[in-house]
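# Reading the structure
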Amino acid sequence: MKAAGIGLGTGAAVLGLALLVSACSQTVTGRAVSVYADPFTVAGLPATNGPSGLRADVAPPPVVADNTDEGLVDRLAVTAIGDIEAYWASEYPQLFGGTFTPVDRVVSWDSEADTGITFCDTETFALANAGYCPLDNTIGWDRTTLLPAMIETFGEMSVVMILAHEYGHAVQHQSGIATDEAPGIVAEQQADCFGGAFIRHVAEGQSTHFTLNTSDGLNSVLAATVSIRDSDPNDPESIHGSAFERVTAVQVGFIDGPAACTRIDPVEINGRRGELPQQFSSPDQTGELPVTAATLDEFRKALDSMFGLRESPAVDYSGANALCADAPWTEPVSYCPASNTIGVDLPALAAMGTPQEMPDTDI
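No experiment lies behind these values; they were computed from the predicted model shown.

## Quick notes on the confidence of the model for the protein
- Here the protein averages 83 in pLDDT, and 80% of its residues register 70 or above.
- Between residues 5-36, whose pLDDT stays under 50, and residues either more than four places distant or in other chains, the model counts 76 contacts.

Spelled out as structure tokens, the structure:
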């Protein structure tokens, strides 16, 4: 038996403004506005800077991991578990009815130590992974290789996203929406979506122990999601989803909440895929597109066609720090409304787009 592994379909893309006010029988009409229409908001939340990760000076939750070393990584992980359980204690009754029951056990291990400890009937030596085990309703993680690598590369909130995904699998099993007949990718996409719903909860400032800004903080969570994508779509064991599928599943949860996650099924996934190819056409393909002015120009043309703006923005590849009268700039890409120009620091963007060497995981 294999543990379920980790893992922004775009949900409510349009908000209708034609509202019927029954109290006075007055109809308010207007133009439908996309949640993406305001460049200074993120799915309806203000675009913010500031801290992301553990809040300072907040007492830890009453969660204890078996086999813990009491180190910083385990403390981060059990704190995340505590906040995720508090979230589902509130959301679960509204979504599924009944009372939410936390997992029976959480466990930490050292993947570099041959200690004879097992997780879900698997030796933890060299198991650089995190997962949910339906055999004993347990969540576990590797504190030595996987989580430190994620923290170093993507920050503390990447660990929170990983564990929110794993808890999504626990919610699937407790609620009964996880079935043996459903394709594996459905369970993984639902878990990514549940993770996105919890990340929204943090971004809204509702988490006791964590905070998340909606600029580089949210970007890092999504980058972490991309890093654990299926890297070889021709592999029959690739059931977690491509970068596109994983990020859009997180987006569904972030925008539309956990109820939308329960509606993810093969039809919904195929609808999000559209005409995107599902497999590499030759063995030597990697799926990685170089970040160059030429490839970005093709991307810009595709966006022009998709959005049909009356006046498409100009692109300046000389840098992101362009003088702008009405907006601050951010690296490596910024948009200036006053001049309708996108400034790009091409070398910095290419560095950001270079795949990171991460442990080989099945999360």
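Still more to cover.
## A few points about the packing of aromatic side chains
- One pass over the full model with this rule turns up seven aromatic pairs.
- Ring centres of Tyr87 and Phe198 lie 5.5 Å apart, and the angle between their planes is 75°; this geometry places the pair in the edge-to-face category. With a gap of 111 residues between them, Tyr87 in helix α1 (residues 72-96) and Phe198 in helix α4 (residues 184-203) connect regions that are remote in the sequence. Each of the two residues, Tyr87 as well as Phe198, counts as buried.
- Seen from their ring centres, Tyr92 and Phe96 are 5.0 Å apart, and the 45° between their planes marks the pair as tilted. Here the residue Tyr92 and the residue Phe96 both occupy positions in helix α1, the gap between them amounting to four residues, near one helical turn.
- Taking the relative accessible area as the measure of exposure, Tyr92 reaches 5% and is therefore buried.
- An aromatic cluster of three or more residues is present, and its members are Tyr87, Trp88, Phe194 and Phe198.

## Some words on the state of the cysteines
- Across all of its chains, the model carries three disulfides by this definition.
- Between the sulfur of Cys193 and that of Cys261 lies a disulfide, 2.1 Å long from S to S. Since a negative S-S torsion denotes a left-handed disulfide, the Cys193-Cys261 link at about -75° is left-handed. One end of the pair, Cys193, is in helix α4; the other, Cys261, is in helix α7 (residues 258-261), with 68 residues separating them in the sequence. No difference in accessibility class separates Cys193 from Cys261, as the two residues are buried.

## Regarding the sheet that holds strand β15 (residues 314-316)
- Spatially, β15-β17-β16 is the arrangement adopted by the three strands of the open sheet, whose pairing is mixed. Single-partner strands in this sheet number two, and they are β15 and β16 (333-336). Strand-to-strand twist in this sheet, taken as the mean axis angle between neighbours without regard to direction, amounts to 20°.
- Taken together, the four bridges between β16 and strand β17 (residues 341-344) define a ladder with antiparallel strand orientation. Opposite Cys336, over in β17, you have Thr341 as the bridge partner.

## Looking at the side chain of Thr214
- Of note, Thr214 is situated in the loop between β14 (210-211) and α5 (216-227).
- Using a relative accessible area of 7% as the deciding quantity, one classes Thr214 as buried.
- Separated by 2.8 Å, the side chain of Thr214 and the backbone oxygen of Pro46 make a polar contact.
- A distance of 2.8 Å separates a polar atom in the side chain of Thr214 from the backbone nitrogen of Thr48.
- Once residues within four sequence positions are removed from consideration, Thr214 is found in contact with Val42, Leu45, Pro46, Ala47, Thr48 and Ala203.

The rules behind the values
Residues numbered from 1 in each chain as written. Predicted model: local features only at pLDDT ≥ 70, side-chain atom pairs only at ≥ 80, totals over all residues. Heavy atoms only, no water. pLDDT = per-residue confidence, 0-100. Contact = heavy atoms within 4.5 Å. Phe/Tyr/Trp six-rings, centres within 6.5 Å; stacked < 30°, edge-to-face > 60°. Helix = DSSP H or I, 4+ residues; strand = E, 2+ residues; numbered from the N terminus. Buried < 20%, exposed > 50% of the residue type's maximum accessible area, 1.4 Å probe, protein only. Disulfide = S-S within 2.5 Å. Pairing = 2+ DSSP bridges. Axes fitted to C-alpha atoms, helices over the stretch in contact; angles between N-to-C directions. Polar contact = N/O pair within 3.5 Å; in protein donor to acceptor, adjacent residues only side chain to side chain.

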